[in-house]
Amino acid sequence: MYDIAIIGAGAAGLTAAIFARRTAPDARIVLLDGAPKIGAKILIAGGGRCNVTHDVVTSDDFNGNRNAIAKVLRTFTVAQTVAWFEELGVTLKREETGKLFPTTDRARTVLDALLGGCEGVEIRTGHKVVSCQPERSEGPGRAAHDASASRPTRPGPSLTLGMTDGSTVHTRRVILATGGRSIPKTGSDGSGYALARSLGHTVGKVFPALVPLVLEAGHWMTSLSGTSLDAELSVRATSGRVHVRHRGSMLFTHFGLSGPVVLDISRDWIATRGLLFANFLPGETFESLENTLVRESQRNPRATIASVLRGRVPERLLNAIVGEPLPLAKITKDERRRIVRAFVETPIPVVRDRGFDFAEVTADGVPLTEIDLATMASRRCDGLYLCGEILDVDGRIGGYNFQWAWASGRLAGTSAARLLD
Ligand code: FDA
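Read on for a plain summary of the structure.

About the cut-offs
- Residues numbered from 1 in each chain as written.
- Predicted model: local features only at pLDDT ≥ 70, side-chain atom pairs only at ≥ 80, totals over all residues.
- Heavy atoms only, no water.
- Near = heavy atom within 4 Å.
- Polar contact = N/O pair within 3.5 Å; in protein donor to acceptor, adjacent residues only side chain to side chain.
- Areas by Shrake-Rupley, 256 points an atom, 1.4 Å probe, with all protein chains shown as cover.
- Helix = DSSP H or I, 4+ residues; strand = E, 2+ residues; numbered from the N terminus.
- Nonpolar A, V, L, I, M, F, W, Y, C, P; charged D, E, K, R; others polar.
- Buried < 20%, exposed > 50% of the residue type's maximum accessible area, 1.4 Å probe, protein only.
- Contact = heavy atoms within 4.5 Å.
- Expected span 1.5 Å × (residues − 1).
- Bend = angle between axes of the 7 residues up to and from the residue.
- Salt bridge = Lys/Arg side-chain N within 4 Å of Asp/Glu carboxyl O.
- Axes fitted to C-alpha atoms, helices over the stretch in contact; angles between N-to-C directions.
- Parallel < 35°, antiparallel > 145°, perpendicular 65-115°, else oblique.
- Pairing = 2+ DSSP bridges.
- Phe/Tyr/Trp six-rings, centres within 6.5 Å; stacked < 30°, edge-to-face > 60°.
- Lys NZ or Arg CZ within 6 Å of the ring centre and 35° of its normal.

Section: the site of the ligand
Close to the ligand lie 35 residues, the nearest being A12, D33, S188, E389 and F402. One nitrogen or oxygen atom from the side chain of D33 is found 2.6 Å from an oxygen atom belonging to the ligand. A distance of 2.9 Å separates a nitrogen atom of the ligand from a polar atom in the backbone of N51. Within the complex, 95% of the 1,000 Å² of free accessible area of the ligand lies under protein. Elements with a contribution of two residues or more to the shell around the ligand: α1 (11–23), β2 (29–33), α2 (40–44) and α12 (400–418). No other element matches the 3 residues that α12 contributes to the shell around the ligand. Of the residues assigned to the shell around the ligand, the class counts are 15 nonpolar, 14 polar and 6 charged.

Description of the side chain of S188
Topologically, S188 is positioned in the loop between β10 (168–176) and α6 (191–198). The buried category is assigned to S188, whose relative accessible area is 13%. In terms of polar contacts, S188 uses its side chain to reach the side chain of K41, at 3.4 Å. Ignoring any residue separated from it by four or fewer positions in sequence, one finds S188 in contact with K41, T178, G180, R181, S182 and I183.

A short note on helix α7 (residues 260–272)
For α7, with 13 residues, the first-to-last C-alpha span of 19 Å sits near the 18 Å given by 1.5 Å per residue. The sharpest bend along α7 measures roughly 30° and falls at S266. Counting buried residues in α7 gives 10 out of 13 residues, a clear majority hidden from the surface. Along α7, the residues classified as buried are V261, V262, L263, D264, I265, S266, R267, D268, W269 and I270.

Things to note about the pattern of salt bridges
As a working rule, side chains carrying opposite charge can pair if their charged atoms are close by. With the rule as written, the count across this model stands at 22 salt bridges. Its salt-bridge partner being R336, residue E290 comes within 3.2 Å of it at the nearest N-O pair. In this pair, E290 sits in helix α8 (residues 286–299) while R336 sits in helix α11 (residues 333–344), placing the two residues 46 residues apart along the sequence. Both residues of the pair, E290 and R336, belong to the buried class.

So, unusual backbone geometry
Positive phi, normally seen in glycine, also occurs at I183, with a value near 50°. Counting through the fold element by element, I183 comes out in the loop between β10 and α6.

Overview of the packing of helix α4 (residues 78–88) against helix α5 (residues 107–117)
Axes are the key here: two packed helices are described by the angle between their axes and the distance separating the axes. Running from N to C, α4 and α5 cross one another at 80°; their axes reach a closest spacing of 9 Å. Relative to α5, α4 is oriented roughly perpendicular. Judged by residue contacts, W84, F85 and L88 of α4 engage V110, A113, L114 and G117 from α5.

Regarding the sheet that holds strand β14 (residues 242–252)
Within the open sheet, the 7 strands sit side by side as β17-β16-β13-β14-β15-β12-β18. Their pairing is antiparallel. Two strands bound the open sheet, and with one partner strand each, they are β17 (346–348) and β18 (350–353). Direction aside, neighbouring strands of the sheet carry axes that sit 40° apart on average. Pairing of strand β12 (residues 213–215) with β18 involves 3 bridges; the strand directions are antiparallel. Bridging across to β18, L213 finds its partner in D353.

Quick notes on the side chain of E284
In this fold, E284 is placed in the loop between β16 (275–279) and α8. If sequence neighbours within four positions are ignored, E284 has contacts with N279, L289, R312 and V344.

What to know about the packing of aromatic side chains
What the rule picks out here adds up to 9 aromatic pairs. In textbook terms, an aromatic cluster arises when at least three aromatic residues are bridged by ring pairs, as seen for F19, F76, W84, F85, F402 and W406. Lying across the ring of F255, R354 places its NZ or CZ 3.8 Å from the centre. Note that R410 overlies the ring of F19, its terminal NZ or CZ placed 5.5 Å from the centroid.

Observations regarding the sheet that holds strand β5 (residues 92–94)
Taken in spatial order, the 3 strands line up as β3-β6-β5 in an open sheet, and their pairing is antiparallel. Strands with a single pairing partner mark the edges of an open sheet, and in this sheet they are β3 (53–54) and β5. Judged from the 3 bridges that link them, β5 and strand β6 (residues 99–102) form a sheet pairing that is antiparallel. From the neighbouring strand, R94 faces β6, where its bridge partner is L100.

Read these as layout, nothing more, since geometry by itself doesn't imply function.
Dropping the structure here:
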């Protein structure tokens, strides 16, 4: 009989284990992960450097119930997170963007430190949890599954976990930290949702977020593969109303679009199926660019659109949009306006997203209304706690998703251990 079994040894589960151990040093804690090697997602995060957090994290950086998210974030601030990593032996540095990385620039440093912090926690890998069965409550003493156990039996809930190898694990508390469905080969294959459902929770219609977007094969933008630029993207309704705007680095690829700004807006495109537009000259509007070109053509009759915009957009994009470099004075008004629109208001015909195999996170999940946010305890199942990406919380690019994992994992681990007796 374990006191606490944590299902999932990702960022949230490892954090929960560390804090459960600190809170109840004598407790029997087991960390179960289906993957043969744990921490795959931490190791690939941030391009192998692991963007641990951001110097400013607020609930506005997330989708989901923001008041509820704020409650959890407040329990473990960025400053506390930085101090905690320092304690674990990981010094973080802030980059210009506000993102925090380990000074080693190696995600391995972060994983090793978290694993080091789990000393005293039993870690079992290679077998997934396939079922979680609450035991019927029979009052004090019913938690004694192991007659030979030297630990005194205690009242309270208990649960039995079924593993893929046919074995079972009996435990007084379960922390469900199985993540979402993004990059299933890392172990996060969405099987935790079935466990949550079996314990009385609902799970929203999950979909990929922070995911590259695919264009029709042969679309002219795919010929710019490898080119990146600062762009502003917007998702609009057919009425033209702008749902959301994001600005940042965009990358053309052989299949379509990627880069931070594309990943950030992908969720909104998927959720609304709206129309995606790009402004390759952020800050310019149709009118401002049109005025600039008219002024330049009056000032210099030999000026071309390329000569006016050179240096402001990548040459390959410039050539793709402008085509033949005719002097502005020789271009008709309609043609000039068409080109201006192509720079500041290009519709991008996205065919689909790249799916969970390429998504950094999963949108939707177990609703926060089903969680007691003071403890991360389930409101549906006694003895169960949830944390991390399995919940209906997803943040933008920049370290926010890990901050959610650290904060919710810490709260779940601490509470599960504190409320043992
Ligand atoms: P996570 O998915 O990390 O862990 C879940 C664990 O549960 C896995 O180890 C899995 O094997 C295990 N599991 C699942 N089902 C199980 C079962 N039935 N039985 C047993 N075990 C089971 N975020 C950020 O803030 N900064 C960044 O730099 C990046 N970079 C990044 C890059 C890439 C490529 C990806 C895919 C994601 C990111 N992220 C990120 C997002 C971040 O990695 C993610 O939000 C957290 O890892 C989520 O942590 P969790 O612990 O909730 O789930």
